[in-house]
Amino acid sequence: MKSFSYFLFVMALAFQACSQTPKSTKPMDQLPTSESEWKAKLSEEEFYILRQKGTERPYTGKFLMHNEQGYYTCRGCGTRLFKSDSKFDSHCGWPSFDKEIKAGVIKETADLTLGMRRIEITCAKCGGHLGHVFDDGPTETGLRYCVNSVSLGFEKQ
């Protein structure tokens, strides 16, 4: 009887897990309008980075060594930000790109925190913090968009 009860318990958990829908990075028509709505939509780490301008530890992000072909999207709203062919290894500890997918999808703002002068990059659609852009890139653009993996989703090509 105990083994049958255990079997039913395991099956109930399996069905519950299968019925949960994964978080999508496809574009959303309606974005959250309050921080409490953002908290409900995002994981704790995503909320910390996207909404509170946090930073993940260097060399820990899932997209640092990612090499699939496709599109890197905003984790907050699903907007396509970068194409995989703009990604390069900058040895800085975060995924790096040399250009946005099209003009206007990324907003740049002066960031004077931590005693440094940097340019913060955010998603133009939802305002989610992505990272920073620097003018020391090795390609013809001369740019290095240094982005937190937690801020990104990915769509295979």
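Keep in mind that this is a model prediction, so the values were computed, not measured.

Definitions and cut-offs
- Residues numbered from 1 in each chain as written.
- Predicted model: local features only at pLDDT ≥ 70, side-chain atom pairs only at ≥ 80, totals over all residues.
- Heavy atoms only, no water.
- Pairing = 2+ DSSP bridges.
- Helix = DSSP H or I, 4+ residues; strand = E, 2+ residues; numbered from the N terminus.
- Axes fitted to C-alpha atoms, helices over the stretch in contact; angles between N-to-C directions.
- pLDDT = per-residue confidence, 0-100.
- Contact = heavy atoms within 4.5 Å.
- Core = buried A, V, L, I, M, F, W, Y, C linked by side-chain atoms within 4.5 Å.
- Buried < 20%, exposed > 50% of the residue type's maximum accessible area, 1.4 Å probe, protein only.
- Phe/Tyr/Trp six-rings, centres within 6.5 Å; stacked < 30°, edge-to-face > 60°.
- Salt bridge = Lys/Arg side-chain N within 4 Å of Asp/Glu carboxyl O.

A.B. asks: Please provide a residue-by-residue account of the sheet that holds strand β1 (residues 70-74), values included.
C.D. replies: Reading across from one edge, β2-β1-β9 is the order of the three strands in this open sheet, with antiparallel pairing throughout. Two strands bound the open sheet, and with one partner strand each, they are β2 (80-83) and β9 (152-156). Shown here is a sheet whose adjacent strand axes are inclined to one another by a mean of 30°, direction ignored. Pairing geometry for β1 and β2, over three bridges, is antiparallel. Within β2, the residue paired with Tyr71 across the bridge is Lys83.

A.B. asks: Residue-level account of the confidence of the model for the protein, with values.
C.D. replies: Residues with a pLDDT of 70 or more make up 82% of the protein, whose mean pLDDT is 86. Contacts from residues 2-24, a stretch scored under 50 in pLDDT, to residues over four places away or in other chains number six contacts.

A.B. asks: A description of the nonpolar core should follow, citing residues and the corresponding values.
C.D. replies: Buried together is how nonpolar side chains tend to be arranged in soluble globular proteins. By size, the foremost hydrophobic cluster in this structure holds 22 residues, and its most contacted members are Leu81, Phe82, Ile106, Tyr145 and Val147. Of all the secondary structure elements, the ones that give two or more residues to this core are α3 (44-51), β1, β2, β6 (118-123), β7 (129-134), β8 (144-147) and β9.

A.B. asks: Residues and numbers for unusual backbone geometry, please.
C.D. replies: The phi dihedral of Lys53 is positive, around 60°, even though this residue is not glycine. Its place among the elements puts Lys53 in the loop between α3 and β1.

A.B. asks: Give a detailed account of the packing of aromatic side chains, specifying residues and quantitative values.
C.D. replies: The full count for this structure, using the stated rule, is six aromatic pairs. Ring geometry for Tyr72 and Phe97: centres 5.0 Å apart, planes at 65°, overall edge-to-face. One end of the pair, Tyr72, is in strand β1; the other, Phe97, is in strand β4 (residues 96-97), and 25 residues separate them in sequence. On the basis of relative accessibility, which here comes to 0%, the residue Tyr72 falls in the buried class. On the basis of relative accessibility, which here comes to 0%, the residue Phe97 falls in the buried class. Site record: aromatic cluster; members linked through ring pairs are Phe63, Tyr72, Phe82, Phe97, Tyr145 and Phe154.

A.B. asks: Please set out the environment of Gly104 residue by residue, giving values where relevant.
C.D. replies: Among the secondary structure elements, Gly104 is positioned in the loop between β4 and β5 (106-111). Under the relative-accessibility criterion, Gly104 is labelled exposed at 51%. A C-alpha to C-alpha distance of 6.9 Å links Gly104 and Ala124, two positions 20 residues apart in sequence.

A.B. asks: So what's going on with the pattern of salt bridges? Which residues, and what values?
C.D. replies: Opposite charge on two side chains lets them pair, provided their charged atoms get close. Applying the stated criterion to the full structure yields seven salt bridges. Of the charged contacts in the structure, one is a salt bridge between Glu35 and Arg51, with a shortest N-O distance of 3.6 Å. Within this pair, whereas Glu35 is found in helix α2 (residues 35-41), its partner Arg51 is found in helix α3, the two being separated by 16 residues in sequence. Take Glu35: its relative accessible area is 39%, and that puts it in the partly exposed class.

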